[in-house]
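Notes for the structure review
Read off the chains here:
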Amino acid sequence: MTPGALRACSAIIFVCSVAVLLLAAWLTPDPSGVGTHTQLGLKPCIALMMFELPCPMCGMTTTFSLMADLRPVEAFANQPFGVFLFLSTVFLAVVSGLEILLPKKRWITIAKWIENNKGKVLTTFSVGFFGGWLYKIALVR
């Protein structure tokens, strides 16, 4: 990939990740731990309404909003995996910003690391995702 292409990709990642973080800061976390996304005009969670069980993403928007409000303890208590995703979004913003300003092919280094550790990365992500979902189910119950 050419340096220009890497910089262009970094710019897209930067804009998208910063937009998500700004949106999270703009939203008011729903005190119930779910439903913050309805402030964006989205419908309430169908799974929660129909089955009284949260979907795998229930609480993520609320957690992002809590993290953006610098309330990490409440965010972690609401949806632990959401905290990981929020910090991953911050990581994407930082790395992409650095790549725009001081290109050093960081994405290639990161991609190689992921490729060399794909089993561990996939396992960690899967355990975190499903663990966070099970946690949220227990919390709602």
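The structure presented is a predicted model; accordingly, all values stated were derived computationally and were not measured. (Residues numbered from 1 in each chain as written. Predicted model: local features only at pLDDT ≥ 70, side-chain atom pairs only at ≥ 80, totals over all residues. Heavy atoms only, no water.)

As a further point, take the overall build of the protein chain. Each helix and strand in the protein chain was counted, giving seven helices and zero strands. Taken over the C-alpha atoms alone, the protein chain extends approximately 50 × 35 × 25 Å along its principal axes. Restricting to contacts in the protein chain with at least 6 residues of sequence separation, those with at least 24 account for 62%. Roughly 8800 Å² of accessible area belongs to the protein chain as shown, and the carbon and sulfur atoms make up 75% of that amount. Computing the positive centroid from 11 side-chain charges and the negative centroid from 6, the protein chain places the two 13 Å apart. (Helix = DSSP H or I, 4+ residues; strand = E, 2+ residues; numbered from the N terminus. Contact = heavy atoms within 4.5 Å. Areas by Shrake-Rupley, 256 points an atom, 1.4 Å probe, with all protein chains shown as cover. Lys, Arg positive; Asp, Glu negative; His and termini not counted. Charge placed at Lys NZ, Arg CZ, Asp CG, Glu CD.)

This next bit is on the nonpolar core. Nonpolar side chains in soluble globular proteins tend to end up buried together. One finds L21, A24, M60, F64, L66, M67, A75, F81, V83, L85, F86 and A93 forming the largest nonpolar core, which totals 12 residues. The contact partners of M60, leaving out residues within four places of it in the chain, are Q79, F81, G82 and L85. (Core = buried A, V, L, I, M, F, W, Y, C linked by side-chain atoms within 4.5 Å. Buried < 20%, exposed > 50% of the residue type's maximum accessible area, 1.4 Å probe, protein only.)

This paragraph deals with the packing of aromatic side chains. Applying the stated criterion across every chain, the model contains seven aromatic pairs. Ring centres of F64 and F86 lie 5.4 Å apart, and the angle between their planes is 80 degrees; on these two criteria the pair is classed as edge-to-face. You can see F64 sitting in helix α3 (residues 60-68) and its partner F86 sitting in helix α5 (residues 80-101), a full 22 residues away along the chain. No difference in accessibility class separates F64 from F86, as the two residues are buried. Between F81 and F125 the ring centres are 5.1 Å apart and the planes differ by 80 degrees, which places this aromatic pair in the edge-to-face class. Pair noted here: F81 is in helix α5 and F125 is in helix α7 (residues 118-140), with a separation of 44 residues, a long-range link. For F81, a relative accessible area of 5% puts it in the buried group. Taken together through their ring pairs, the aromatic side chains of F81, F84, F125, F129, F130 and W133 make up a single cluster. (Phe/Tyr/Trp six-rings, centres within 6.5 Å; stacked < 30°, edge-to-face > 60°.)

A word on the pattern of salt bridges. With the rule as written, the count across this model stands at four salt bridges. In this structure, R71 and E74 form a salt bridge, with 2.8 Å as the shortest nitrogen-oxygen distance. Residue class for E74 comes out partly exposed when judged on its relative accessible area of 43%. Taken together, the salt bridges that share partners define one network made up of D69, R71 and E74. (Salt bridge = Lys/Arg side-chain N within 4 Å of Asp/Glu carboxyl O.)

Another aspect to go through is the packing of α5 against α7. The contact between α5 and α7 brings their axes to 7 Å, and the two run at 135 degrees. In terms of orientation, α5 and α7 fall into the oblique class. Two secondary-structure elements touch here, α5 through P80, F81, F84 and L85 and α7 through F125, G128, F129, G132 and Y135. Residue composition of the contact of α5 with α7, grouped by class: seven nonpolar, two polar and no charged. (Axes fitted to C-alpha atoms, helices over the stretch in contact; angles between N-to-C directions. Parallel < 35°, antiparallel > 145°, perpendicular 65-115°, else oblique. Nonpolar A, V, L, I, M, F, W, Y, C, P; charged D, E, K, R; others polar.)

Turning to its location among the elements, V90 is positioned in helix α5. The exposure class assigned to V90 is partly exposed, which follows from its relative accessible area of 30%. C-alpha separation for the pair V90 and S17, spaced 73 residues apart in sequence, amounts to 7.2 Å.

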